[in-house]
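Residues per chain, in single letters:
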Amino acid sequence: MNHPWTRKLIDLREQGLYRHLTVASGPQDTILKVQGKSVLNFSSNDYLGLAHHPALIEASIAATQTWGTGTGASRLITGSQSLHSELETELASFKRVERALLFNSGYHANLGVIQALESPVIFSDELNHASLIDGCRLSKAKVLVYRHNDMDHLASLMTGNPGGLIVTDSVFSMDGDVCPLRELMALAEKHDARLFVDEAHATGVFGPTGRGLVEESGIDPKHPRLIQMGTLGKALGSFGAYVAGSNDLIDWLINRARTFIFTTSLPPSVTAASLAAIRMIRNDTSLKDRLWENTRFFLDGLKQVTIGKVAPTTSPIIPLVIGSADDTVRLSDSLFACGIWAHPIRPPTVPDGTSRLRFTLMATHTREQLQGCLDALKAS
Ligand SMILES: *Cc1c(COP(=O)(O)O)cnc(C)c1O
């Protein structure tokens with residue numbers, strides 16, 4: 001039988017847009033074992049190198065021995081354990097808000113929260129992460145998309161549309177730039193709106209103590225118009241996500257967020273690893289500091305690379321824009337052959353003609369590894 005997707009798969013291959021899985025045979029690290037060889041990893045969101053840190057592994061094993069492997073139910077039935085509450089208390093204190101609520105992933109959080117907020121109108125940055133876009137689609141709101149970080153455009157859309165919700169990445173995942181949080185908050189105040197900020201790539205990375213872009217921007221985390229989410233699977237080396245805000249907000253989400261209500265809760269191994277990660281980064285910013293040193297070193301080295309164009313990033317996400325999907329895949333393949341994994345990012349993840357290699361740096365990259373990647377790029 002000929003399925004409609006059989007032909008479409010052939011089209012994808014012809015357009016250089018075909019996606020496949022590349023499978024590693026060891027833990028997430030700066031060096032990955034792939035297809036029997038070792039490659040340098042420049043495509044991880046494990047910014048602080050915590051995904052196989054001994055402290056997280058130990059906490060995870062200990063929790064499994066005490067609590068078992070699964071929770072057996074959703075949070076509202078029998079699946080709420082004191083480990084979840086402990087992590088939520090820790091997250092609320094870390095983010096300096098009244099309360100936090102766990103979700104099973106950032107994707108779940110964004111779908112659930114945006115829908116539950118029941119805003120009549122949502123203002124969404126055009127480069128927002130797919131999970132925010134899908135959250136907007138699932139909500140019944142009128143969605144107005146503003147040009148990337150364009151505050152004049154946003155202001156014009158908000159005029160005459162009070163009571164809305166602004167939705168934005170704090171660090172844009174494919175471009176590495178950040179949103180103008182203070183200006184967004186000023187517009188939210190002016191137009192009686194709320195501001196929902198996705199700190200997926202900022203948690204553990206931005207702010208003097210890793211609390212995110214809200215901290216870096218000097219915004220009061222308890223601001224009544226602010227709702228924050230962040231993920232535990234990126235810099236925190238674990239899995240899952242949190243929403244941080246007021247008591248009332250969290251109570252409302254427990255009652256209304258469908259992606260919180262209708263899913264089995266996070267397992268003890270994961271919850272305990274997240275707790276260990278938060279406790280570690282709260283007391284020690286040395287990993288974050290090293291990540292930023294690596295970022296500065298790599299950006300400086302890229303000045304001597306003539307291929308592509310480095311996007312104006314302000315984070316450890318460093319896109320080298322090549323243009324066509326085909327050229328980008330070819331360059332990625334040739335780097336891979338030299339032992340460097342820099343993943344090609346193509347439409348529909350990014351707009352047509354802006355395909356790119358997206359380098360993400362880790363605190364645990366050594367200078368030699370960074371230099372090796374730069375040298376390979378210079379030789380490309
Ligand atoms: C990764 C990411 C998410 C999704 O988080 P998961 O926990 O991986 O589901 C949401 N928003 C942004 C901006 C992200 O980069």
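1. As for the sheet that holds strand β13 (residues 343-345)
Within a beta sheet, neighbouring strands are joined by backbone hydrogen bonds and run either parallel or antiparallel to one another.
Okay, so step 1: On the basis of which strands lie adjacent, the open sheet formed by 4 strands has the order β10-β11-β14-β13 and antiparallel pairing. Among the strands making up the open sheet, the edge pair consists of β10 (309-310) and β13.
Okay, so step 2: Strand direction decides the pairing type here: strand β11 (residues 317-323) and strand β14 (residues 355-360), joined by 6 bridges, are antiparallel. The residue of β14 that forms the bridge with I318 is F359.

2. A closer look at the site of the ligand
Okay, so step 1: Around the ligand, a shell composed of 13 residues is seen, among which G106, Y107, D198, H201 and K234 lie nearest.
Okay, so step 2: Take Y107: an N or O atom from its main chain is 3.0 Å from an oxygen atom of the ligand.
Okay, so step 3: Here an oxygen atom of the ligand sits 2.6 Å away from a polar atom, N or O, in the side chain of H201.
Okay, so step 4: Coverage of the ligand by the protein amounts to 83% of the 380 Å² it exposes when considered alone.
Okay, so step 5: With 3 residues, the top contributor of residues to the shell around the ligand is helix α4 (residues 106-117).
Okay, so step 6: In the shell around the ligand, the residues fall into 2 nonpolar, 8 polar and 3 charged.

3. What about the pattern of salt bridges?
Okay, so step 1: Under the criterion given, the structure shown has 17 salt bridges.
Okay, so step 2: Put simply, R356 and D175 hold a salt bridge, and the shortest N to O gap is 3.3 Å. In this pair, R356 sits in strand β14 while D175 sits in the loop between β6 (165-169) and α7 (181-190), placing the two residues 181 residues apart along the sequence.
Okay, so step 3: Taking the relative accessible area as the measure of exposure, D175 reaches 18% and is therefore buried.

4. Describing helix α11 (residues 268-283)
Okay, so step 1: If you check α11, its first and last C-alpha atoms are 23 Å apart, about what 16 residues at 1.5 Å a residue would give, namely 22 Å.
Okay, so step 2: When you tally the buried positions in α11, you get 12 out of 16 residues, the bulk of the element.
Okay, so step 3: Within α11, the full set of buried residues consists of P268, V270, T271, A272, A273, S274, L275, A276, A277, I278, M280 and I281.
Okay, so step 4: Close packing links the buried residues of α11 with α2 (54-67), α3 (82-95) and β3 (99-103).

The rules we used
Residues numbered from 1 in each chain as written. Predicted model: local features only at pLDDT ≥ 70, side-chain atom pairs only at ≥ 80, totals over all residues. Heavy atoms only, no water. Pairing = 2+ DSSP bridges. Helix = DSSP H or I, 4+ residues; strand = E, 2+ residues; numbered from the N terminus. Near = heavy atom within 4 Å. Polar contact = N/O pair within 3.5 Å; in protein donor to acceptor, adjacent residues only side chain to side chain. Areas by Shrake-Rupley, 256 points an atom, 1.4 Å probe, with all protein chains shown as cover. Nonpolar A, V, L, I, M, F, W, Y, C, P; charged D, E, K, R; others polar. Salt bridge = Lys/Arg side-chain N within 4 Å of Asp/Glu carboxyl O. Buried < 20%, exposed > 50% of the residue type's maximum accessible area, 1.4 Å probe, protein only. Expected span 1.5 Å × (residues − 1). Contact = heavy atoms within 4.5 Å.

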